[in-house]
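In case you want the letters, here they are:
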Amino acid sequence: MASTRHVIPFAELGRQDVGSVGGKNASLGEMTAHLAGAGVRVPPGFATTADAYGELLDGHGLRGRIEEQIVRLREGAALDEVGAAIRSMTLAEPLPPGLRAEIVSAYEQLGRDEGRADPEVAVRSSATAEDLPEASFAGQQETYLNVRGTARLLESVHRCYASLYTDRAIDYRERMGFDHLQVALSVGVQAMVRSDLAGAGVIFTLDPESGFPEVIVISAAFGLGETVVSGQVDPDEYTVFKPGLEDPELDPLIDVRVGAKRRKAVYAEHGLTRTVDTTPEERSQRVLTDTEVRLLADWALTVEGHYGCPMDLEWAKDGLTGDLWIVQARPETVQSRHAASTLRRCRLTAAPGTPLVDGTAVGEAIGSGPVVLLDTPVDLDRFPAGGVLVTGITDPDWEPIMKRASAIVTDHGGRAPRTQRLSAVNSASPPSSAPGGRPTSCPTDRR
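Here we look at helix α7 (residues 167–176)
Step number 1: Here α7 has its buried residues at R168, A169, I170, Y172 and R173.
Step number 2: Of the surrounding secondary structure, the elements contacted by the buried residues of α7 are α3 (62–74), α4 (79–92) and α11 (399–404).
Step number 3: Downstream of α7 by one or two residues, G177 has phi in the positive range, about 80 degrees.

In structure tokens, the structure reads:
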């Protein structure tokens, strides 16, 4: 792979290319190259390389100026000031001309392959340190959906680069001891699946809460998948028994839970996305049929077999064609890190009081502490160590507070939204689960 190459199609990538295009893009290439023959559909696209990002840093001394800001942070400067300064400097630095030209050329070729000019694409960040055994950077950088046209594409790529220095990403790397300038960013550009007209969600090839390996758990909501992975909705949940997939005469679907699905993400009129209310009919009906659940489960089992480990995937259904697609895949890194020789159970030792609220628990432990209701993640000083966080939903910006919480209660979210898997990697304390509400994150879960 030539070091001067700025852009590489997914079809030419594989999991050996994590250092060049990050875990997310390397995995898309791996599935494109090796699993298409097994029927697994992955939308086409391309990725920028770590070398391209390095050229941006080397322009006009940007690398050195970022280092100066990190020194300021370690000397006591406020995190939000340092983060804003680095992002501003990054956006002010023009993209290298060679990179711009290759992105435009690859986008135009994608349009020709798709049979239309200026196709809508998803623009996703992929850090070169994603999905390491000891840490996960997934979800800390930005994603832009329904991006159309070369000008908006280049702007979105530039903003993805700047998002490597969001406040939460800086804080995470500082806590984990990573050298900021040793983590590069690749950007994946992928043809959009019109799931705004159908549905999308997440697949785990084990139970994401207990770690039971003989099931596949599929979450689903109407619209684009961002509402599921961010915990904004209560999705449908379908549980498939793996051994039942071996015989086409058997029904492997052992549990169906229809979620409220009160909101969905759709295309905005002038690009990108917006969130709207679902209809009463959508809230009461299933997103996926039994046949579609089985197809996704078959694909998930195929991906798991290829990688040789439990997997965390994202899927989408095209509302124009009815086709299903796998749009992301990564090794599952929460349950797979639990000690197989250790069984841990928690129980209440005090007489239970009168329940105030109830809902779906996440995690296998019990949390207690003073309850603190917060609307935004900016009030860190108000939150005591060991408190119970109560809020509407969480996203990665909540991570500093989630690190301090003994339990978390939220209004919305399934058992395994992306925010849950982002929170507080490598905490020494056991997983917590709060009774009541619908916890979407656990202060000791990975990713």
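A short note on the side chain of E304
Step number 1: Within the secondary structure layout, E304 lies in helix α10 (residues 290–307).
Step number 2: Beyond its immediate stretch of four places on either side in the chain, E304 contacts T205, K242, C309, P310 and M311.

Digging into the pairing of strand β5 (residues 185–191)
Step number 1: Of all 7 residues in β5, 7 are buried; the element is thus mostly enclosed.
Step number 2: Burial along β5 is two-sided: L185, V187, V189 and A191 facing one way and S186, G188 and Q190 facing the other are all buried.
Step number 3: The pairing of strand β2 (residues 45–48) with β5 spans 3 bridges and is classified as antiparallel. Counted as the bridge partner of G45 is Q190 from β5.

Side note on the sheet that holds strand β13 (residues 324–331)
Step number 1: The 6 strands are arranged β9-β8-β7-β6-β12-β13 in an open sheet whose pairing can be described as antiparallel. Each having just a single partner strand, β9 (253–257) and β13 make up the two edges of the open sheet. Within this sheet the neighbouring strands show an average axis-to-axis angle of 15 degrees, counted without direction.
Step number 2: Examined bridge by bridge, strand β6 (residues 199–204) and strand β12 (residues 311–317) share 6 bridges and lie antiparallel to one another. Looking at the pairing, A200 lines up with A316 of β12.

Analysis parameters
- Residues numbered from 1 in each chain as written.
- Predicted model: local features only at pLDDT ≥ 70, side-chain atom pairs only at ≥ 80, totals over all residues.
- Heavy atoms only, no water.
- Buried < 20%, exposed > 50% of the residue type's maximum accessible area, 1.4 Å probe, protein only.
- Helix = DSSP H or I, 4+ residues; strand = E, 2+ residues; numbered from the N terminus.
- Contact = heavy atoms within 4.5 Å.
- Pairing = 2+ DSSP bridges.
- Axes fitted to C-alpha atoms, helices over the stretch in contact; angles between N-to-C directions.

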